[in-house]
Amino acid sequence: QVQLVESGGGLVKAGDSLRLSCAASGRTWNTYSMGWLRQAPGKEREFVAAIYRSGSGTHYAASVKGRFTISRDNAKNTVYLQMNSLKPEDTAVYYCAAAFSVDGIPDAPSYFGSWGQGTQVTVSS
């Protein structure tokens with residue numbers, strides 16, 4: 001398994017930017033893909049973005065494509081989510097997660113086996 005710790009959430013206004021970070025430990029870093037998912041109050045957890053274990057490919061939910069960017073720093077065992085042009089509907093608890101047994105880029109919550117504790121992102125209008 002792998003331990004994941006998110007940071008960087010907060011309260012921002014619509015149109016602002018925010019960068020989330022997730023530090024990983026416990027398993028060889030480049031053997032698993034990483035992703036960000038979110039859960040808004042009263043809603044199911046949904047996929048946001050993912051990056052392949054080598055960093056060579058990414059995938060985004062349609063709702064964030066063009067506004068969010070996922071990246072990973074293999075020297076720091078850290079994955080990032082740069083969020084630009086934030087909207088009130090982006091308000092949620094954001095989780096980073098690791099996918100161990102996926103050949104491609106995971107794109108749904110069911111593919112992820114280890115989760116961080118989550119960080120709150122609130123976007124006011």
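Per chain, residues are indexed from 1 in the order of the written sequence. Local features in this predicted model are restricted to residues whose pLDDT is 70 or higher, and side-chain atom pairs enter the listing and the counts only when it is 80 or higher, whereas totals over whole chains, interfaces and linings include all residues. Based on all heavy atoms of the structure, the side-chain values leave hydrogens and waters out of the count.

**Brief notes about unusual backbone geometry**
Link 1 in the chain: Backbone geometry places N77, a non-glycine residue, at a positive phi of 50°.
Link 2 in the chain: Accessibility expressed as a relative area gives 26% for N77, which makes it partly exposed.
Link 3 in the chain: Of note, the phi angle at S85 is positive, near 50°, even though the residue is not glycine.
Link 4 in the chain: Along the chain, the position of S85 falls in the loop between strand 8 (78-83) and strand 9 (92-99). Burial classes: relative accessible area under 20% of the type maximum marks a residue as buried, over 50% as exposed, and values in between as partly exposed (1.4 Å probe, protein chains only). Each helix corresponds to a stretch of at least 4 residues labelled H or I by DSSP, and each strand to a stretch of at least 2 residues labelled E; elements are numbered beginning at the N terminus.

**Quick look at the side chain of D90**
Link 1 in the chain: Considering the arrangement of structural elements, one finds D90 in the loop between strand 8 and strand 9.
Link 2 in the chain: Exposure remark for D90: the relative accessible area of 1% places this residue in the buried category.
Link 3 in the chain: At 2.8 Å, the side chain of D90 and the side chain of R67 are in polar contact.
Link 4 in the chain: Two residues qualify as a contact provided that any one of their heavy atoms is within 4.5 Å of a heavy atom in the partner residue. Residues contacting D90, with those up to four places away along its chain left out, are R38, R67, F68, S85, V121 and V123. N or O atoms closer than or at 3.5 Å make up a polar contact, with two conditions inside protein: a donor-capable atom paired with an acceptor-capable one, and, for residues adjacent in sequence, both atoms drawn from side chains.

**A look at the environment of L11**
Link 1 in the chain: If you trace the backbone, L11 turns up in strand 2 (residues 10-13).
Link 2 in the chain: The class of L11 is exposed, set by a relative accessible area of 65%.
Link 3 in the chain: Along the backbone, L11 and I51 are 40 residues apart, and their C-alpha atoms lie at a distance of 26 Å.

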